[in-house]
Amino acid sequence: MARNRQRDRAATAAAVVETVDGGLAELVPDRERPRAWTLLIDGAPQSHVDLDDPAHLSFEYQRRLGHIADLAAPPNRPLQVVHLGGGAFTLARYVAATRPRSTQQVVELDGPLVQFVRRELPLDPGARIRVRSTDARAGLAKVQDGWADLVIADVFSGARTPAHLTSTEFLGEVRRVLRPGGLYAANLADGPPLTHLRGQIATAAAVFPELALTADPTVLRGRRFGNAVLLASDRELPVAELTRRVATDPHPGRVEHGKELADFAGGAAPVTDASAKPSPVPPASVFR
C-alpha cells in the first residue's frame, strides 16, 4: 500500500509538505526517477532518496560520503555505522543496500522530521537501522566504546552545523566510539575566506593522526560557498582510491591530504567547546 502511495504521488508530481521542528519540510518528487524525492527544510535541500535504487546518490557530497563508506572495509563486509544527522536517511539506506547485514544507528534531533520521513519514505523493514530522536552529541555519548567502523556527521540546524559539534571534545567522543582503524567522515559547509573549514581541519588534526579533505576545486580555492567532506582516522587512509573515485564523479572533486592539507589549514587553531561557533550562514544564492 505504501509503495502504491509513493508511485501515485510521484506520477502526479505533487510535493508532500509538513511542519517539523526545524521548519517547513517538503518532499519534492524527482521528475526523472519515478520513486525518488528531494527533502527540503525551509527551502534548503537536505537529502535525495530513490526508493527503487537506494544506492543512487544524487548530491555531490553524499556521493563522496558513499565513496568513504565503500572504502571503510573490504567489499560486501557488513559495517557498524553511526549517522549523526538523519535527514531522509540517504546514507543509511545506501549502506544497507550496498552492505547487507550492516548494523546502523541514526541520531536525528528533529522527532517530527523522523516521523514524516518514516511515513512518506519508509525504511526497508529488513534493514538493521535504529533511529534515535535526540541531540547528536547526546546520542553519540550512548554508543559504546569501539563500536563503530564508520561515523558520519551530517548535522545542520537552519543550514548551519551547531557549535557543539565542531570541537575537539566532540571529536574525542567520535574517536572513543570508533574501533581501531575506523573512519570518521563529516560534511562541512563553508565559503570564502574558509575560516570555518580551516578550523575544522585543525580540530580534527588535534584528535586524529590521519586526515584527508575532498571538495569541488572552486570551494577549496575559496571562490564559492559549498560542501567539503573531511575524513579522519587513526590508520593510513585510502587516499589514492578515494582520489580516483572523486575525480570520476559527475561533478569531479579534489582530495587534499598530508602537507598540502596542512598548508591549506594555514596554521588555524583547534576549536574547543569554549571557543566553538556554528558554521557560517550560507548566502541566499546557494539555494536558488
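The structure displayed is predicted, hence computed values, not measured ones.

A. View of the packing of helix α2 (residues 60–71) against helix α9 (residues 239–247). Across the interface, α2 lies against α9 with an axial gap of 10 Å and an inter-helix angle of 145°. Considering only the axes of α2 and α9, their crossing is right-handed. The residues of α9 that touch α2, namely those facing R64, H67, I68, D70 and L71, are E241, L242, R245 and V246. Here the residues of the contact of α2 with α9 sort into 4 nonpolar, 1 polar and 4 charged.

B. Region of the structure containing the pairing of strand β6 (residues 103–107). Judged by how many residues are buried, β6 sits mostly within the fold: 4 of 5 residues are covered. Summarising the sheet, strand β5 (residues 80–84) and β6 pair through 5 bridges and their orientation is parallel. Within β6, the position partnered with Q80 by the bridge is T103. In this fold, the crossover linking β5 to β6 by way of helix α3 (residues 90–98) has right-handed handedness.

C. Structural context of the packing of aromatic side chains. Following the criterion strictly, the structure yields 2 aromatic pairs and no others. Consider the rings of F59 and Y61, whose centres lie 6.3 Å apart with planes at 45°: the pair is tilted. A relative accessible area of 9% places Y61 in the buried class. In this structure, R198 is placed above the aromatic ring of F264, and the distance from its NZ or CZ to the ring centre is 4.6 Å.

D. Just the pattern of salt bridges, in detail. Going through the model one piece at a time under the given rule, you end up with 17 salt bridges. R254 serves as the salt-bridge partner of E256, at 2.9 Å between the closest nitrogen and oxygen. If you follow the salt bridges from partner to partner, you end up with D70, E241, R244 and R245 in one network.

E. Representation of the sheet that holds strand β4 (residues 44–50) within the structure. Ordered in space as β1-β2-β3-β4, the 4 strands form an open sheet in which the pairing is antiparallel. In this open sheet, the two strands that pair with only one neighbour each are β1 (16–20) and β4. Neighbour to neighbour, the strand axes of the sheet diverge by 20° on average, direction disregarded. Relative to strand β2 (residues 23–29), β1 runs antiparallel, the two being bridged by 5 bridges. Pairing of V17 across the sheet is with E26, part of β2. Where helix α4 (residues 111–120) meets the sheet, it contacts β1, β2 and β3 (36–41), and its direction lies at approximately 160° from that of β1.

F. Main features of the packing of α2 against α3. Orientation of α2 relative to α3, taken along the N-to-C sense of each, is 35°, at an axis distance of 11 Å. Crossing of α2 against α3: the hand is right-handed. For the pair α2 and α3, contact is made by Q62, L65, G66, A69 and D70 and by T90, L91, Y94 and V95, respectively. Looking at the contact of α2 with α3 residue by residue, the classes come out as 5 nonpolar, 3 polar and 1 charged.

G. Structural view of the sheet that holds strand β11 (residues 226–233). Here 8 strands make up an open sheet; going across it, the order is β7-β6-β5-β8-β9-β11-β10-β12 and the pairing mixed. Whereas interior strands pair on both sides, the edge strands pair on one side only; in this sheet they are β7 (128–132) and β12 (254–257). Neighbour to neighbour, the strand axes of the sheet diverge by 15° on average, direction disregarded. The pairing of β5 with strand β8 (residues 148–153) spans 4 bridges and is parallel. Bridging from a neighbouring strand, H83 pairs with I152 of β8.

H. Representation of empty space enclosed by the protein within the structure. In total, this model carries 1 cavity of 30 Å³ or more according to the counting rule given. The space that makes up the largest cavity amounts to roughly 130 Å³. Considering the residues around the largest cavity, the lining is formed by 16 residues, among which A153, L165, Y184, A186 and L188 are closest to the centre. Breaking the lining of the largest cavity down by element, the ones donating at least two residues are α6 (168–177), β9 (178–190) and α7 (195–205).

I. α9, seen in detail. The set of residues buried in α9 consists of V239, L242 and V246. Down the axis of α9, the sector holding all buried residues measures 65°, keeping them to one side. Tucked into the core, α9 has its buried residues touching α2, β10 (210–215), β11 and β12.

Quick notes on the rules
Residues numbered from 1 in each chain as written. Predicted model: local features only at pLDDT ≥ 70, side-chain atom pairs only at ≥ 80, totals over all residues. Heavy atoms only, no water. Axes fitted to C-alpha atoms, helices over the stretch in contact; angles between N-to-C directions. Helix = DSSP H or I, 4+ residues; strand = E, 2+ residues; numbered from the N terminus. Left-handed = near helix turned anticlockwise from the far one by under 90°. Contact = heavy atoms within 4.5 Å. Nonpolar A, V, L, I, M, F, W, Y, C, P; charged D, E, K, R; others polar. Buried < 20%, exposed > 50% of the residue type's maximum accessible area, 1.4 Å probe, protein only. Pairing = 2+ DSSP bridges. Right-handed = clockwise from strand over helix to strand, strands pointing away. Phe/Tyr/Trp six-rings, centres within 6.5 Å; stacked < 30°, edge-to-face > 60°. Lys NZ or Arg CZ within 6 Å of the ring centre and 35° of its normal. Salt bridge = Lys/Arg side-chain N within 4 Å of Asp/Glu carboxyl O. 1 Å grid on protein atoms, 1.4 Å probe; cavity = no way out; pocket = protein on both sides within 12 Å on 5 of 7 lines; lining within 4 Å. Points joined across faces, edges and corners; volume = space filled by probe spheres on them. Arc of directions from axis to C-beta.

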